[in-house]
Amino acid sequence: MNLTETEYSDANADDLSRDGSIRIHTPQDFEGMRKAGQISAACLDMLVPMVKPGVTTAAIDDAVREFFLDHNALPATLGYRGYKHSSCTSINHVVCHGIPNTKPLKNGDIVNIDVTCIFEGWHGDTSRMYAVGTINRKAERLINITYESMMLGIAQIKPGNTTGDIGAAIQDFAESQRCSVVQDFCGHGLGRLFHDAPNILHFGTPGEGEVLKEGMFFTVEPMVNLGRPDTKVLADGWTAVTRDKKLTAQFEHSLAVTKTGVEIFTKSLCGFDRPPYT
Ligand code: MF3
Ligand code: CO
Ligand code: CO
């Protein structure tokens, strides 16, 4: 398939209105999200053997685009608000929205790869950290703390709990480990839209925020830093970095509130939850 950029943008168009209300989805909608989520998760699985010293993030981005097209899906980021790539690749002190380029990855880098597909109108948005070659102990520790914080946030999800319960669980754990949580970017509702209500803050106070209800779809995608939480966006308009240039990490799942808890749409079917992916 060889779509032009305009065609991608059209396929991506956010044609549903965002009125701030939080959508409640049907069992059929869950089916759509399961398929989209599985394609995005399988894409991240596919990248595991490719993320090695010497590979460029542009080559990774090409592989993501081809994988999605091969699965009859579109990369949601391609043409999204002027973004021209099929993934975000955020290395070391890059917090999020790193732009793929032709510079090779180096031994010891840590990289977040964030992919979103659109399949039959549904969005599957997920990211994981990858270790390039051998990484140092503090990078490994940060990756583990970030993964644990995401899963502790997700563990709070059930009807009657609130978005504040999710944020508080993430923040409490990250800070207990002498890390900080980025406050400038958040998770989001998704479904037929890429970014919808509610905002999912990765910090907060238990009991505050929106009350969770069965049928809500959203992401949890904490960014955790070894240093200060402050970020800035570079002149390219996308790349967000830590102001103190210390390491940062992120994981992301797309999920639903169910009758009794949570369903994760973007789980790896081969157990590639966090590095090392063996
Ligand atoms: N996938 C990102 C998220 O988690 C959004 C990337 S938008 C882009 O919400 F334009 F930067 F690609
Ligand atoms: Co997201
Ligand atoms: Co994402």
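Description of the structure in this document. (Residues numbered from 1 in each chain as written. Chains lettered and ligands numbered in written order. Predicted model: local features only at pLDDT ≥ 70, side-chain atom pairs only at ≥ 80, totals over all residues. Heavy atoms only, no water.)

## A look at helix H3 (residues 57–70)
Which entries qualify depends on this criterion: Helix and strand definitions here come from DSSP, where helices need a minimum of 4 consecutive H or I residues and strands a minimum of 2 consecutive E residues; each element is numbered from the N-terminal end. Take the number of residues in a helix, subtract one, and multiply by 1.5 Å to get its expected span.
Along its 14 residues, H3 runs 20 Å from first to last C-alpha, staying within 8% of the 20 Å computed at 1.5 Å per residue. Directly after H3, the chain includes Asn-72, whose backbone phi takes a positive value near 60 degrees.

## So, the packing of aromatic side chains
Between two aromatic rings, the relevant description is the distance of the centres plus the angle of the planes. Put simply, the rule reads: The criterion for an aromatic pair is that two Phe, Tyr or Trp rings (for Trp, the six-membered ring) have centres within 6.5 Å, with stacked assigned to planes under 30 degrees apart, edge-to-face to planes over 60 apart and tilted to the rest. In this scheme, a residue with accessible area under 20% of its type's maximum is buried, one over 50% is exposed, and one in between is partly exposed, where area comes from a 1.4 Å probe on protein chains only.
On inspection of all chains with the given rule, the structure shows 10 aromatic pairs. Ring geometry for Phe-30 and Phe-217: centres 5.1 Å apart, planes at 75 degrees, overall edge-to-face. With a gap of 187 residues between them, Phe-30 in helix H2 (residues 27–47) and Phe-217 in strand S9 (residues 217–220) connect regions that are remote in the sequence. Neither Phe-30 nor Phe-217 differs from the other in exposure class; each is buried. Between Trp-122 and Phe-217, the aromatic rings sit 6.3 Å apart at their centres with planes inclined by 75 degrees, giving edge-to-face as the arrangement. Within this pair, whereas Trp-122 is found in strand S5 (residues 122–131), its partner Phe-217 is found in strand S9, the two being separated by 95 residues in sequence. The exposure class of Phe-217 is buried, given its relative accessible area of 2%. Site record: aromatic cluster; members linked through ring pairs are Phe-30, Trp-122, Phe-217 and Phe-265.

## Remarks on the coordination of the cobalt ion (ligand 3)
Quick reminder of the rule: Coordinating donors are taken to be N, O and S atoms lying within 2.8 Å of the metal, or within 3.2 Å when the metal is Na, K or Ca; because water is excluded from the atom set, some sites may appear incomplete. For four-coordinate sites, all angles between 85 and 135 degrees define a tetrahedron; for four- and six-coordinate sites, opposite donors beyond 155 degrees with the remaining angles between 65 and 115 define square planar and octahedral shapes respectively, and all other cases count as irregular.
Within the protein, the cobalt ion (ligand 3) binds to Asp-114 (OD), Asp-114 (OD), Asp-125 (OD) and Glu-252 (OE); these donor distances fall in the range 2.0 to 2.4 Å. Classification of the site at the cobalt ion (ligand 3) rests on its 6 donor atoms, whose angles at the metal span 58 to 167 degrees, yielding the label irregular. Here the cobalt ion (ligand 3) and the cobalt ion (ligand 2) are spaced 3.3 Å apart, linked through Asp-125, which binds each one. In this pair, Asp-114 is assigned in strand S4 (residues 110–119) and Glu-252 in the loop between strand S13 (248–250) and strand S14 (253–257), connecting sequence segments 138 residues apart. When sorted by exposure, Asp-114 lands in the same class as Glu-252, which is buried.

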